[in-house]
Amino acid sequence: MAIKPGNEDPYAEREAAKYGTPIKSREYIMAVLDAEGRLMSHKALAEALGHEDEESFDALGARLRAMVRDGELVRNRRGHYGLAVKMDLVRGWVSGHPDGFGFLVPDEGDDDVFLGAREMKAVLHGDRVLVRITGVDRRNRREGAIVDVLERACHSLVGRFEVGGGIGHVHPSNTRISQDILVPPDQQGGAQPGQMVVVTIVEQPTKRSQPIGRIVEVLGDHMAPGMEIEIALRSHDIPYVWPETVEQEVECLPASVPESTFAGREDLRGTPLVTIDGVDSKDFDDAVFCEPQGRNWRLLVAIADVAHYVKPHTALDGEAKQRGNSVYFPQQVVPMLPEALSNDLCSIRPAEDRLCLVCEMSVTPAGRIREYRFFRGVMRSHARLTYDQVAALVEKGERGSIAPALEPHLQALHALYGVLREARGKRGAIDFDRPETRIVFDEARKISRIEPTERNDAHRLIEECMILANQAAADFLLNAEMPTLFRVHAPPMVDKINDLKTFLRQMGLKLDGGNKPSARNYSKLLHSVRARPDYFLIETVLLRSLAQAVYAPENGGHFGLALEGYAHFTSPIRRYPDLLVHRAIHHLLDGGNRKTFAYGVADMEGAGTHCTMTERRADDATRDAVEWLKCEYMMDRVGESFTGRITGVTSFGLFVELDDLFVEGLIHVTALENDYYRFDAVTHSLRGERSGVEYRLADAIAIKVARVDLDERKIDFVPAEASISKPGTRPKKPVAKTKKAKARSGGEDEKPKRKGKRKSRSRGRGRGKG
């Protein structure tokens, strides 16, 4: 909404509701600076805004400092404030690389900005910074210089304590942090060399000095069961201890849902809503019901009413926002909300009264939402069903332990799914068929096996129901112009499309749509090559051309799902953006509007940036823990031979995932046949100049396990015909990590996840000698 300085602040009511001494909103302050077209001092801004009395002058100063911290304003050395967007500055968070350089990941979702090793000396992975664009490097990447550190993300970390030359230091387990933390002798906390420790950073790094820390916890030996999760939690700064203020608020929660809270809610306890989840699920935040309604279907998606219990500006809310989402490790969950809520009051368990926020939809035979409404309800789940139970009923007609009264409604759900699936195909939503796995442990919590998981119609029908409710939520909030968070999956960048089309031409294929292909163009191409033997290769390259999904207050649509508007509504127990969406819906149900809502666009922008970061942080942490476990699993298999598939090609080697085991390692280019190998980023291949031997993405390959480094979570492979040094000896070639980008397919969040890079994967051509 355009704001004209001199007029009334359109967010005045919101500011008055939030603060005892209300002042002009952030939006209004930025509009004044924009209209002035110059930098202004605190005093000049106070005069322009009418905040010259001492109390409001001080409040304005606090707001200006907060806006600088959030990267909205820049304060120069003379103490004048200006708009960051007017100064050719980019704000975002730092993504570190093991080799010392890094990237700025912009808040606005633009291309990353390269930060050289010299710039990275002053920051650590995860820090939020302002960067000035200084030019373009030889790979056509934007380069930047750090202007200001807005927020430090790393206050403590876990690593291995070592002493060298009489100087103690901690080598971080998080390989994205390339700087060791110096530890003075009187700050070592009794740690012995080689032990895993937690170190608190007491002095952050600068361009001239390393970070200095104090050891606050000794975790013990690195091979202890569960150590991989302890390390991942601390390496990625994931909150896992509930503050005392949160514990106090939890103690005040009721033991059960009191009937007094039913007032003003529709009673759905007689409606046979059911939950359908995995067999190991513990938090149940959604339930569904479906029945025919003439030619249409009536679909209810009931979601746990978390917003009833978690109010804004409480300790519970602050901690939920800080966590951003639940984190799911193998056999362990770090929840966003305390178990009293996530596993009890807000968990939709059978035969127990629960408060819910409901989306009721009428769906046409074409799979479109004819009409919808949101309302508050009280419900009682009629069954806790698993995906396998429901799939056995709707796919095979095997009722098992499902009550006969539920069968018609489950069959109606399955019939609706068929319609939604057809509609999904017609609008061109992209379906990637990527395998997912689960780790099976033995009694000692060591990996027994790694096995693929299979998706059935029950998974898919619940997924389609959730997507439908998320669409309705986005539409509801867009129509009301409410500040909220959308789930945005942007179209692919032009340079990605150009590389993709070059690759496809060499395969005799074409992607329609010019420089702006649609999801339908992607789907059409995928469908046309499904029977080809190189389908996996083509699918992988298509997948890697896509952007990552983010949370943002501006609706940018969801490219992968081919939807114009999309918001996350269905999982407020485990995702903070969903909770914010619920609060916006509650506000509208109470008769409110955007002007009286407690949140503005700036608030949502900050929340979106933070929640995007916490989502990726959780992905990185769980991937690190899984890689640790897989390395431990492979330690006894050095020297053994396996078959696999090439999942990544770089100038320095081949990433290979083993068949059946789903473990990834690297064949370094020096382990290949004695030749010069030319890397082609477009065709995703390495080709020997003399021999003509070519290794391409998705090719099958036989390997031997050469070396496993548990500390660094690295596995080295060599071609099966190569000889291997004995276990315990260090090969001369570099060893690479087992990082693998996992992209979920067929779900509401189809996106490739950022690959933890070992070295820069060149966009051009390179040559390595093997």
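Residues numbered from 1 in each chain as written. Predicted model: local features only at pLDDT ≥ 70, side-chain atom pairs only at ≥ 80, totals over all residues. Heavy atoms only, no water.

S.K.: Could you clarify how one ought to interpret the overall build of the chain in this entry?
M.R.: On a plain count of helices and strands, the chain comes out with 18 helices and 35 strands. Relative to the globule expectation of 27 Å for 770 residues, the C-alpha radius of gyration of the chain, 27 Å, shows essentially globular dimensions. Referenced to the eigenvectors of the C-alpha coordinate spread, the extents of the chain come out at roughly 75 × 75 × 60 Å. Residues classed as buried in the chain amount to 57% of the 770 residues present. When contacts within the chain are restricted to residue pairs at least 6 apart in sequence, long-range pairs at least 24 apart make up 66% of them. Each charge sign in the chain was given a centre, from 110 positive and 113 negative side chains, and these centres are 6 Å apart. (Helix = DSSP H or I, 4+ residues; strand = E, 2+ residues; numbered from the N terminus. Rg over C-alpha atoms; globule rule 2.2 N^0.38 Å. Buried < 20%, exposed > 50% of the residue type's maximum accessible area, 1.4 Å probe, protein only. Contact = heavy atoms within 4.5 Å. Lys, Arg positive; Asp, Glu negative; His and termini not counted. Charge placed at Lys NZ, Arg CZ, Asp CG, Glu CD.)

S.K.: Is there a simple way to explain the pairing of strand E8 (residues 142–151) in this structure?
M.R.: Remember that side chains alternate between the two faces of the sheet whenever the strand is regular. In this structure, strand E7 (residues 128–136) lies alongside E8, joined through eight bridges in antiparallel fashion. Counted as the bridge partner of Val131 is Ile146 from E8. Here E7 folds back onto E8 in antiparallel fashion, the turn holding five residues, of which Asn140 has a positive phi close to 70°. (Pairing = 2+ DSSP bridges.)

S.K.: Sorry if this is basic, but what is going on with the sheet that holds strand E34 (residues 714–719) here?
M.R.: Strand order in the closed barrel formed by five strands is E27-E28-E29-E34-E33, and the pairing between neighbours is mixed. Ignoring which end each strand starts from, the neighbouring axes of this sheet average 50° apart. Here strand E33 (residues 700–709) pairs with E34 via six bridges, running antiparallel. Paired with Ile703 across the strands is Pro719, a residue of E34. (Axes fitted to C-alpha atoms, helices over the stretch in contact; angles between N-to-C directions.)

S.K.: Would you take a moment to explain the confidence of the model for the chain for this structure?
M.R.: Detailed reading of the predicted coordinates is not advisable wherever pLDDT is low. Averaged over all residues, the pLDDT of the chain is 88; the fraction at 70 or higher stands at 93%. Within the model, the stretch residues 724–770 combines pLDDT values under 50 with 179 contacts to residues more than four positions away or in other chains. (pLDDT = per-residue confidence, 0-100.)

S.K.: Can you walk me through the sheet that holds strand E20 (residues 353–363) in this structure?
M.R.: The strands making up a sheet associate through backbone hydrogen bonding, with each pair oriented either parallel or antiparallel. Here five strands make up an open sheet; going across it, the order is E14-E21-E20-E17-E16 and the pairing mixed. Each edge of the sheet is formed by a strand with only one pairing partner; in this case those strands are strand E14 (266–267) and strand E16 (286–293). Bridging between E16 and strand E17 (residues 296–304) involves eight bridges; their strand directions are antiparallel. Bridging from a neighbouring strand, Cys290 pairs with Leu299 of E17.

S.K.: Before we go on, may I ask you to explain the side chain of His668 in this structure?
M.R.: Looking at where His668 falls in the secondary structure, it is placed in strand E29 (residues 664–668). At 2.9 Å, the side chain of His668 forms a polar contact with the side chain of Thr670. (Polar contact = N/O pair within 3.5 Å; in protein donor to acceptor, adjacent residues only side chain to side chain.)

S.K.: Is there a simple way to explain the environment of Val183 in this structure?
M.R.: Relative to the helices and strands, Val183 is located in strand E11 (residues 181–183). Once the C-alpha coordinates of Val183 and Phe375 are considered, the two residues, 192 residues apart in sequence, prove to be 56 Å apart. Residues contacting Val183, with those up to four places away along its chain left out, are Gly168, His169, Val170, Gln188, Val199, Gly213 and Ile215.

S.K.: Help me understand helix H12 (residues 407–427) in this model?
M.R.: The periodicity of an α-helix, 3.6 residues per turn, causes residues three or four places apart in sequence to face the same way. Helix length check: H12, at 21 residues, gives a terminal C-alpha distance of 30 Å against a target of 30 Å (1.5 Å per residue), a fit within 8%. Looking at H12, one finds that the buried residues are His409, Leu410, Ala412, Leu413, His414, Leu416, Tyr417, Val419, Leu420, Ala423 and Arg424. Once H12 ends, the next one or two residues include Gly428, with phi positive near 95°. (Expected span 1.5 Å × (residues − 1).)

S.K.: Mind showing me how you'd approach the pattern of salt bridges here?
M.R.: Two side chains with opposite charge may pair up if their charged atoms get near one another. If you walk through the whole model with that rule in mind, you get 50 salt bridges. In this structure, Arg376 engages Asp590 in a salt bridge whose closest nitrogen and oxygen atoms are separated by 2.8 Å. Here Arg376 is found in strand E21 (residues 369–380), whereas its partner Asp590 is found in the loop between helix H17 (576–589) and helix H18 (601–634), with 214 residues between them in sequence. Between Glu673 and Arg690 there is a salt bridge whose closest N-O contact spans 4.0 Å. In this pair, Glu673 sits in the loop between E29 and strand E30 (676–680) while Arg690 sits in the loop between strand E31 (685–688) and strand E32 (694–696), placing the two residues 17 residues apart along the sequence. (Salt bridge = Lys/Arg side-chain N within 4 Å of Asp/Glu carboxyl O.)

S.K.: Is there a simple way to explain the packing of aromatic side chains in this structure?
M.R.: For any pair of aromatic rings, the description rests on two quantities: the centre-to-centre distance and the angle between the ring planes. A full pass over the atoms with the stated rule returns 11 aromatic pairs. Aromatic side chains Phe101 and Phe103 sit 6.0 Å apart centroid to centroid with 85° between the ring planes, which places their arrangement in the edge-to-face category. Relative accessible area serves as the criterion here: at 14%, Phe101 is assigned to the buried category. On the accessibility criterion, Phe103 (11% relative accessible area) is buried. Measuring from centroid to centroid gives 6.2 Å for Tyr677 and Tyr695, while their planes differ by 45°, and the two rings are tilted. Within this pair, whereas Tyr677 is found in strand E30, its partner Tyr695 is found in strand E32, the two being separated by 18 residues in sequence. Note on accessibility: Tyr677 and Tyr695 belong to one class, buried. Following the ring pairs from residue to residue traces out a cluster consisting of Tyr372, Phe374, Phe476 and Phe569. One residue, Arg487, lies across the ring of Tyr551, its end atom 4.5 Å from the ring centre. (Phe/Tyr/Trp six-rings, centres within 6.5 Å; stacked < 30°, edge-to-face > 60°. Lys NZ or Arg CZ within 6 Å of the ring centre and 35° of its normal.)

S.K.: Explain the nonpolar core to me, please; I cannot follow it from the model alone.
M.R.: A general trend in soluble globular proteins is that nonpolar side chains are found buried together. If you look at the biggest cluster of nonpolar residues, it comprises 92 residues, and the most contacted ones within it are Ile276 and Phe569. The element best represented in this core is helix H13 (residues 457–479), accounting for 11 residues. Within the second largest apolar cluster, 67 residues are counted, among which are Met196, Ile450, Cys631 and Leu672. (Core = buried A, V, L, I, M, F, W, Y, C linked by side-chain atoms within 4.5 Å.)

S.K.: Before we go on, may I ask you to explain the packing of helix H9 (residues 315–323) against H17 in this structure?
M.R.: Helices that pack against each other are described as a pair by the angle of their axes relative to one another and the distance between those axes. For the pair H9 and H17, interaxial distance at closest approach is 9 Å and the crossing angle is 130°. By the criterion of interaxial angle, the relationship of H9 to H17 is oblique. Judged by residue contacts, Asp317, Ala320 and Lys321 of H9 engage Tyr576, Leu579 and Arg583 from H17. Counted by class, the contact of H9 with H17 contains three nonpolar, no polar and three charged residues. (Parallel < 35°, antiparallel > 145°, perpendicular 65-115°, else oblique. Nonpolar A, V, L, I, M, F, W, Y, C, P; charged D, E, K, R; others polar.)

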